[in-house]
Structure formats: structure tokens, C-alpha cells
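Results of the structural survey
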Amino acid sequence: VSWFDGPACPAGRLTMTRCQPDQFGLSGKRGWLSEATLKKEYHEQWMYHHLRPHIHQFSCYIGSGAAAAALDFGSYFLLMGMGIWYITANIVGNTLGFFGAFLFHKYLVFHQHSGFVNHFVRYCILSLFNIVFQTVLLMLLVEYLYLDAGSAKLLSWILSALGNFFLYKFFVYV
């Protein structure tokens, strides 16, 4: 057992560590803490400080994505209600959501007011990949897993949208 006052937890040497209040941002915890607890809380603090600058931007991304999703899903279900085949309705819905999302992301989320053509070309490439991915996944879910077209559309859209924030941030709007 030893007094711990270093910037990082010593790997594998000690089993218990004496901790001062507010050391490593542990919010007043005092006494003997296990090394595993210190490592866990140290890494949580590290993650928080590295992710915090992106939280507001990610929130704006979610909001603008919700508006684009309303365009996408609204037109999809409207067209399906008019008797249009679900694949065609999906392509039209994705196209409308595409233009809405591009404009929202470019101007409201990433605040990029220059390089319109460059950003648009990159956005087109990523969106084309997304349309193909979503359509193939939609077909697989409807035809082979027998999900209804609405649930399959939602699931394919969610899976596609999960990784797009970082792709937009580091590929499209750079």
C-alpha cells in the first residue's frame, strides 16, 4: 500500500491507493481506493474532457438529423400510402432527406460557409453509399427476415446514421 500522487495510475504495482479529495476530479472521495477504481475514474475523466467539445455539435447533428428524417420518413410513408412500391418510396425519401440533411449539416452543425461544391461532392459520395447500404439492408429485412416495410426502413436508417457523424466531421466537412 502506498500514497498515490502521480498523474496516472501505476500499472499493476499496487492494490490499494490513498487518495486526497479532488485528486483526479474524484469529487471529494477520500480514503483508500482500489487501483482499479482509480484507473476507471481517471479514464472516465479523460473521456469526458476529450468528448465534451463535441457534445454540443453532436446534439445539433441529432436535431438536424431529426428534421431530415422527418422529410425522409414523411415522404416515404406518404408515397407508400399512395400505392408506390416501397423500394421506390425509399429512394425518393432518401433523396429528399439528403438535400435537407446536407443543408442543415453544412450550415447549422458544422458551420461551413465556403467550399460548397467540394462539400457537396463528398456528401454525395457518402450519401450514395448510404442509399445503397440502406436499400440492400431494407430488402434483406423485408424479404428474408419478414419485417414490415416501416420497421425495416427505421432499422436500416438507424444503422446507417450511427457512424455518419464522424464521417461527416472528418471526411465531408474538412
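So, here is what we can say about the structure in this document. Note that the structure is a prediction, hence the values are computed from the model and not measured.

Rules of the game
Residues numbered from 1 in each chain as written. Predicted model: local features only at pLDDT ≥ 70, side-chain atom pairs only at ≥ 80, totals over all residues. Heavy atoms only, no water. Helix = DSSP H or I, 4+ residues; strand = E, 2+ residues; numbered from the N terminus. Expected span 1.5 Å × (residues − 1). Buried < 20%, exposed > 50% of the residue type's maximum accessible area, 1.4 Å probe, protein only. Contact = heavy atoms within 4.5 Å. Phe/Tyr/Trp six-rings, centres within 6.5 Å; stacked < 30°, edge-to-face > 60°. Lys NZ or Arg CZ within 6 Å of the ring centre and 35° of its normal. Axes fitted to C-alpha atoms, helices over the stretch in contact; angles between N-to-C directions. Parallel < 35°, antiparallel > 145°, perpendicular 65-115°, else oblique. Left-handed = near helix turned anticlockwise from the far one by under 90°. Nonpolar A, V, L, I, M, F, W, Y, C, P; charged D, E, K, R; others polar.

Look at helix 3 (residues 116-143): 39 Å from first C-alpha to last across 28 residues, which is about the 40 Å you get at 1.5 Å a residue. All of the buried residues in helix 3 are His 119, Tyr 123, Leu 126, Ser 127, Asn 130, Gln 134, Thr 135, Leu 137, Leu 138, Leu 141 and Val 142. Against helix 2 (86-109), helix 4 (149-162) and helix 5 (164-172) lie the buried residues of helix 3.

Counted according to the given criterion, the structure contains 25 aromatic pairs. Between Phe 99 and Phe 120, the aromatic rings sit 6.3 Å apart at their centres with planes inclined by 20°, giving stacked as the arrangement. With Phe 99 in helix 2 and Phe 120 in helix 3, the pair connects residues that are 21 residues apart, well separated along the chain. Classification of Phe 99 as partly exposed rests on a relative accessible area of 42%. It is Lys 106 that lies over the ring of Tyr 107; its NZ or CZ is 5.5 Å from the centre.

Accessibility expressed as a relative area gives 25% for Phe 120, which makes it partly exposed. Taking the C-alpha atoms as reference points, Phe 120 and Tyr 173, separated by 53 residues in sequence, lie 9.3 Å from one another.

A few words now on the packing of helix 3 against helix 4. Taken N-terminus to C-terminus, the directions of helix 3 and helix 4 make an angle of 140°; their axes are 9 Å apart at the nearest point. As judged from the angle between their axes, helix 3 and helix 4 are oblique. Like other packed secondary-structure pairs, helix 3 and helix 4 cross with a definite hand, here right-handed. Only Ala 149, Ala 152, Lys 153, Leu 155, Ser 156, Trp 157, Leu 159 and Ser 160 of helix 4 make contact with helix 3, whose side of the interface consists of Asn 130, Phe 133, Gln 134, Leu 137, Leu 138, Leu 141 and Val 142. Of the residues in the contact of helix 3 with helix 4, the class split is ten nonpolar, four polar and one charged.

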